[in-house]
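# Understanding the architecture of this molecule
Each chain, written out:
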Amino acid sequence: MIGVVVLGSTGSVGENTLDVLARNPDRFRLVALGANRNAAKLAQQIRHWRPAYAALADAGAASELTQLLGGSVPETRLLAGAGALEQIASLPEADSVMAAIVGAAGLRSTLAAARAGKRLLLANKESLVMSGPLLMEAVRRSGATLLPIDSEHNAIFQCLPPQSRAGEAPAGVRRIVLTASGGPFREATHDALAAVTPEAACAHPNWVMGRKISVDSATLMNKGLELIEACLLFGLRPAQVEIVVHPQSIVHSLVEYRDGSVLAQLGSPDMRTPIAHALGWPDRIASGVEFLDLVRTARLDFQAPDTERFRCLALAQAAAREGGSFPVVLNAANEVAVQAFLERRLNFLQIAAVIEAVMATATGGAALESLDEVLAADAEARRLAHESLTAQPVARGHATTRGVHA
Ligand code: NDP
């Protein structure tokens with residue numbers, strides 16, 4: 001039985017992971033669940049799974065959880081506070097750790113799993129974007145196995161030669177192609193983009209995901225973060241990664257070899273495929289995903305992304321080229337701007353404006369050699385992003401109707 005820890009169990013990837021585990025009860029044992037503050041959902045999961053440990057980062061929510069359970073699941077030890085997630089990420093009884101916390105909040109627990117030599121199933125792309133060289137070094141040192149959960153990177157992993165090693169350029173590969181759905185506003189005009197609402201941004205045409213990644217998909221920042229992620233995971237230069245819009249989200253990504261062969265991974269757009277792939281690897285296990293019907297799909301379209309309308313992608317490409325602290329700055333400014341958009345304090349186009357302003361003013365691009373340096377660059381970029389929020393002109397769009405630019 002493989003012991004599994006699910007960090008971010010109350011989120012979209014977390015719930016999909018539990019769904020795949022439930023389909024394979026003879027293979028996996030759930031050791032621990034972790035989340036931030038959704039005590040009600042975590043209580044349900046604890047009652048159902050009865051894991052050895054459960055953790056909430058938010059101490060207030062953890063007391064609510066204790067009350068909700070009222071001692072009804074004595075076999076589950078409840079832990080609270082930020083350090084609790086690091087603790088469950090490195091439990092000796094855990095073989096595999098699903099890192100599915102959203103944003104920078106997942107950094108420490110992801111690093112803890114890498115340092116503890118676990119099989120690290122990496123959905124939390126922000127932690128890799130922030131601490132790429134540190135995380136890859138931790139994986140190498142501890143002998144951890146890093147398996148990508150992002151559907152595109154999981155697709156690439158499946159198309160690479162089996163002997164490829166994390167972070168090292170794979171033999172014979174000329175370049176990779178990351179596909180992007182284009183999000184819900186693929187065909188929207190620049191003016192229309194200024195007026196889109198958080199609800200529209202979170203209604204993705206092909207995927208059901210958490211709110212932050214849904215907005216990232218709508219701005220194409222998600223593809224930019226994935227570009228940085230791909231370079232780190234597969235030892236590639238940004239120039240070796242092409243981004244292609246593919247509205248059907250059936251071809252999840254492609255690898256082009258020196259001899260002209262192109263290998264692709266296809267499937268229904270459902271995160272349970274990459275989750276099942278990484279949980280079972282190298283075996284194939286049931287995922288519950290609807291099988292692909294090519295005749296019904298009928299068309300596969302591809303087009304170039306528009307980096308004029310979707311400035312976030314251009315900014316991420318610049319950060320990937322510059323390297324050093326720029327990916328950290330990009331990620332931090334994006335998290336602040338997306339949160340402000342979700343709270344209607346910023347309009348959609350101003351997300352890129354805030355990130356651009358922060359990238360222009362944040363300190364240098366020197367390589368970050370320690371977690372402290374990463375956290376300092378992250379903190380500075382967040383401070384600059386908050387300053388930039390208040391400096392944004394009141395633009396046409398939903399943000400203006402709430403009078404938020406106080
Ligand atoms: P959700 O918003 O659905 O879930 C986020 C999870 O993170 C929740 O369990 C939440 O707990 C937890 N969390 C949030 N803030 C904190 C915090 N401060 N400390 C500890 N835990 C926290 O996100 P998704 O599942 O959509 O995405 C998770 C990650 O996976 C992201 O990095 C995303 O980019 C990546 N990913 C997601 C895909 C998808 O299809 N959804 C596809 C590919 C990658 P709580 O509920 O208690 O707040």
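This text goes with the structure placed above it.
All of the points below concern the structure found in this document.

### Structural notes on the overall build of the protein
- Helix and strand content of the protein: 18 helices and 11 strands.
- Over its C-alpha atoms, taken along the principal directions, the protein stretches across nearly 55 × 55 × 45 Å.
- Scored against the burial criterion, the 406 residues of the protein give a buried share of 55%.
- Summing over all exposed atoms, the protein offers an accessible surface of approximately 16800 Å²; the carbon and sulfur share of this is 52%.
- Averaging the positions of the 37 positive and the 40 negative side-chain charges in the protein gives two centres separated by 2 Å.

### Here we look at the site of the ligand
- Around the ligand, the surrounding shell holds 25 residues, and the nearest of these are Thr 10, Arg 37, Asn 38, Glu 126 and Gly 210.
- Gly 11 is positioned with one of its backbone polar atoms (N or O) 3.2 Å from an oxygen atom of the ligand.
- Between the ligand and Val 102, the relevant distance is 3.3 Å, taken from an oxygen atom to a main-chain nitrogen or oxygen of the residue.
- Here the ligand loses 85% of its free accessible area of 900 Å² to cover by the protein chains.
- Residue assignment for the shell around the ligand shows that the elements contributing at least two residues are α1 (12-23) and α6 (125-142).
- When the residues that make up the shell around the ligand are grouped by side-chain class, the tally is 12 nonpolar, 9 polar and 4 charged.

### Points about the pairing of strand β3 (residues 53-56)
- Burial along β3 is two-sided: Tyr 53 and Ala 55 facing one way and Ala 54 and Leu 56 facing the other are all buried.
- One ladder, built from 4 bridges, connects strand β2 (residues 28-35) with β3; its direction is parallel. Bridge pairing in β3 places Leu 33 opposite Ala 54.
- Viewed along the sheet, the connection from β2 through helix α2 (residues 39-49) into β3 turns out right-handed.
- With 4 bridges joining them, β3 and strand β4 (residues 77-80) adopt parallel strand pairing. Paired with Ala 54 across the strands is Leu 78, a residue of β4.
- After leaving β3, the chain enters helix α3 (residues 59-69) and then returns to the sheet as β4, a path that is right-handed.

### What about helix α14 (residues 311-322)?
- Compared with the 16 Å implied by 1.5 Å per residue over 12 residues, the 17 Å span of α14 between its first and last C-alpha is a close match.
- Listed in full, the buried residues belonging to α14 are Cys 312, Leu 313, Ala 314, Leu 315, Ala 316, Ala 319 and Ala 320.
- In this structure, the buried residues of α14 make contact with α10 (211-219), α11 (221-234), β9 (241-245), α15 (326-342) and α16 (348-361).
- Within two residues after α14, Gly 323 carries a phi angle of roughly 70°, on the positive side.

### What about the nonpolar core?
- Among the nonpolar cores identified, the biggest contains 97 residues, and Ile 88, Ile 176, Leu 330, Ile 351 and Ile 355 are the most heavily contacted of them.
- Per-element accounting of this core gives the leading share, 12 residues, to α15.
- Each residue touching Ile 176, except ones within four places of it in the same chain, is listed here: Ile 156, Ala 230, Phe 234, Leu 236, Gln 240, Val 241, Glu 242, Leu 254 and Val 255.
- Grouped together as the second largest cluster of nonpolar side chains are 34 residues, Leu 21, Leu 30, Ile 275 and Leu 279 included.

### Some points on the environment of Ser 388
- Mapped onto the secondary structure, Ser 388 falls in helix α17 (residues 371-391).
- Considered as a pair, Ser 388 and Ala 94 are 294 residues apart in the sequence and their alpha carbons are 42 Å apart.
- Excluding anything up to four places from it in sequence, Ser 388 contacts Val 354 and Ala 357.

### Some thoughts on the pattern of salt bridges
- One pass over the full model with this rule turns up 28 salt bridges.
- For the salt bridge of Lys 212 with Glu 126, the shortest nitrogen-to-oxygen distance reads 2.8 Å. Taken together, the positions of Lys 212 in helix α10 and Glu 126 in helix α6 put the pair 86 residues apart, joining distant regions of the chain.
- Residue classification places Lys 212 among the buried residues on the basis of a relative accessible area of 13%.
- By relative accessible area, Glu 126 is classed as buried at 5%.
- One salt-bridge network, in which partners are shared between bridges, spans Lys 125, Asp 150, Glu 152, Lys 223 and Glu 226.

### Quick notes on the state of the cysteines
- Using the criterion set out here, one finds 0 disulfides in the structure.
- Cys 202 carries a free sulfur, and the closest cysteine sulfur to it, the one in Cys 312, is 14 Å from it.
- Cys 312 sits in the buried class, given a relative accessible area of 2%.

### What about the side chain of Gln 240?
- For Gln 240, the position within the fold is in the loop between α11 and β9.
- Those residues in contact with Gln 240 that sit more than four places away from it in its chain are Val 173, Arg 174, Arg 175 and Ile 176.

### Let's talk about α2
- Those residues of α2 that sit buried are Ala 39, Leu 42, Ala 43, Gln 45 and Ile 46. Taken around the axis of α2, the buried residues stretch over an arc of 165°, which confines them to a single face. Along α2, exposed side chains directed more than 90 degrees from the buried face belong to Gln 44 and His 48.
- In the core, the buried residues of α2 are packed alongside α1, β2, β3, α3 and β4.
- Of the residues trailing α2, Arg 50 is marked for its positive phi of about 50°.

Procedures and definitions
- Residues numbered from 1 in each chain as written.
- Predicted model: local features only at pLDDT ≥ 70, side-chain atom pairs only at ≥ 80, totals over all residues.
- Heavy atoms only, no water.
- Helix = DSSP H or I, 4+ residues; strand = E, 2+ residues; numbered from the N terminus.
- Buried < 20%, exposed > 50% of the residue type's maximum accessible area, 1.4 Å probe, protein only.
- Areas by Shrake-Rupley, 256 points an atom, 1.4 Å probe, with all protein chains shown as cover.
- Lys, Arg positive; Asp, Glu negative; His and termini not counted.
- Charge placed at Lys NZ, Arg CZ, Asp CG, Glu CD.
- Near = heavy atom within 4 Å.
- Polar contact = N/O pair within 3.5 Å; in protein donor to acceptor, adjacent residues only side chain to side chain.
- Nonpolar A, V, L, I, M, F, W, Y, C, P; charged D, E, K, R; others polar.
- Pairing = 2+ DSSP bridges.
- Right-handed = clockwise from strand over helix to strand, strands pointing away.
- Expected span 1.5 Å × (residues − 1).
- Contact = heavy atoms within 4.5 Å.
- Core = buried A, V, L, I, M, F, W, Y, C linked by side-chain atoms within 4.5 Å.
- Salt bridge = Lys/Arg side-chain N within 4 Å of Asp/Glu carboxyl O.
- Disulfide = S-S within 2.5 Å.
- Arc of directions from axis to C-beta.

By themselves, these figures tell us nothing about what the structure is for.
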